[in-house]
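Observations on chain architecture
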Amino acid sequence: MLVKGRTKIGGFCIILSTLTLLSACTDEKMTLQEKGRSETPAVNTAAPAANNAKTYKATLSDKLIVDATIDAPDVKEASVLPVEEAIFDSRKLCDTFLGSKDVKQEKNNSPDTSYVLGNKKLIIGQGQYFRFETSLGIYADNVVDDGQDSEASKNTDKFKLNELDFMPKQKAVEKAEDILKALNITPHMPPKVYALDYETLQQEQEMLLKDEGFKSFVDVGKIKLKDKWAKEDECYYMIFKMDFHGIPCDTTHYIIQSNGIIVDGGRIIIIYSKNGIELFNVNGTLYHQKDSKVNASKLISIEQALDSLKEKYASVILKDELKVTGISLIYEPVLINCTINPKTGELSNKQMELVPAWIFNAEQNYSKTGKSYMKYSTVRINAITGKEIQ
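My aim in this report is to walk through the structure given alongside it, one point at a time. (Residues numbered from 1 in each chain as written. Predicted model: local features only at pLDDT ≥ 70, side-chain atom pairs only at ≥ 80, totals over all residues. Heavy atoms only, no water.)

**A closer look at the pattern of salt bridges**
- As enumerated under the stated definition, the model contains 16 salt bridges in all.
- Across the salt bridge formed by Asp141 and Arg131, the nearest N and O atoms sit 3.6 Å from each other. Note that Asp141 is positioned in helix α4 (residues 135–143) and Arg131 in strand β9 (residues 129–133), a separation of 10 residues in sequence. This pair shows no difference in class: Asp141 is buried, exactly as Arg131 is.
- One salt-bridge network, in which partners are shared between bridges, spans Arg131, Glu133 and Asp141. (Salt bridge = Lys/Arg side-chain N within 4 Å of Asp/Glu carboxyl O. Helix = DSSP H or I, 4+ residues; strand = E, 2+ residues; numbered from the N terminus. Buried < 20%, exposed > 50% of the residue type's maximum accessible area, 1.4 Å probe, protein only.)

**Considerations on helix α7 (residues 212–219)**
- The N-capping residue of α7, defined by a side-chain oxygen 3.0 Å from the backbone nitrogen of Gly213, is Asp211.
- Directly after α7, the chain includes Gly221, whose backbone phi takes a positive value near 90°. (Polar contact = N/O pair within 3.5 Å; in protein donor to acceptor, adjacent residues only side chain to side chain.)

**Concerning the side chain of Ser153**
- Tracing the backbone through its elements, the reader meets Ser153 in the loop between α4 and α5 (169–182).
- A polar contact of 3.0 Å, which involves the side chain of Ser153, links it to the side chain of Asp145.

**Digging into the nonpolar core**
- The biggest cluster of nonpolar side chains holds 80 residues, and the ones touching the most others in it are Leu122, Phe130, Phe280, Ile327 and Trp358.
- Looking at which element gives the most residues to this core, the answer is strand β20 (residues 322–340), with 9 residues.
- In this view, Ile327 contacts Tyr56, Val66, Ala68, Thr69, Ile70, Asp71, Ile302, Trp358, Ile359 and Phe360; residues no more than four positions away in its chain are not counted.
- Membership of the second largest hydrophobic core comes to 20 residues, among which are Tyr194, Cys235, Tyr237 and Ile239. (Core = buried A, V, L, I, M, F, W, Y, C linked by side-chain atoms within 4.5 Å. Contact = heavy atoms within 4.5 Å.)

**Let's talk about the environment of Tyr331**
- Here Tyr331 lies in strand β20.
- The spacing of Tyr331 and Gly246 is 85 residues in sequence and 10.0 Å in space, taken between C-alpha atoms.
- Here the side chain of Tyr331 touches Ser79 through a polar contact of 2.6 Å, landing on its backbone oxygen.

**Digging into unusual backbone geometry**
- In this structure, Pro190 follows Met189 across a cis peptide bond, with omega equal to -5°.
- With respect to the element layout, Pro190 can be found in strand β10 (residues 187–196).
- One non-glycine residue with positive phi stands out, namely Asn184, at about 60°.
- Note that Asn184 resides in the loop between α5 and β10.
- The exposed category is assigned to Asn184, whose relative accessible area is 73%.
- Phi angles above zero are rare outside glycine, and His245 is one such case at about 55°.

**Focus on the side chain of Glu133**
- Considering the arrangement of structural elements, one finds Glu133 in strand β9.
- Among the polar contacts listed, one links the side chain of Glu133 to the side chain of Arg131, at a separation of 2.5 Å.
- If sequence neighbours within four positions are ignored, Glu133 has contacts with Asn119, Lys120, Lys121, Ile123, Ile138, Glu278 and Leu279.

Okay, here's the thing in structure tokens:
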């Protein structure tokens, strides 16, 4: 079954095997002690970097500091966009990825529909989610992890080459971009691109096999690996974000604190070799703008958004220093209304908006029983109202 917002089995089993080191990692929740608002710590604010700089440093309070890389388009105004989940036509997908009358529909007990041509497979789940894969694409995807689901499993930084011999990197990106546009998906450029050389693929695969949890999935056939990586297997691993009027859409998800509903962002993973597309995976949810007639609003500055962040933590005691390491401007999916099935919890009749938001990624070191741990958190601030999205 094709799962929305699929988490890699490889990353999952690594998390299982290192759970004692990662038990404190969360998306939104931090271990904090509440305190009264009668006193607010004095703020010693360092001079921030210039607005056009790629980094930003400031001290917001005794335990709340900013030492961040900025990833934000030069946009001063943006609109709140009414959107719906993108629907993809099965015939269009088959023509794009398989392009042959000899395509066979695979019979199985899954609610998803699979189309097969040789070693190529296109899996379509209810029109909204799909995945195209070849054998090589599966092998590479099971070895490579960019840390989206867990920083602990990230290994993309091990691939040091900028380009591969079979094709310049920019040419591969253009080929992938053509596929996206053929499916009416507007990518936010440029994508993140990693050149997967066969020697590093082999080294990372051997490293993963040393993990008992990962190896157990390989042994039972849930994870498939290549016996031996060769030069001809080299490929580019590309991560594309969706673009809306020059602003990328969130690639992650968050949980609405009031009701526990998960709101998905979305991204696309493309693996490209000398033979073309080896993997096209929709991870999460892709959105389509419903109304082109929307009014733009002025966006608050990073400084104003940081004031909101500071206010958020004004009523809590931070035992350990909380450091903001990343700042970005994105479109955040927001659920306006929906119908919830009381028996299954399934959502229907969803009304969604994309809201421009300042995103603050933070980390916090802490000690427990003599060991050091790391917590990760993300705070989303509406870039029009200054209110937290939660």
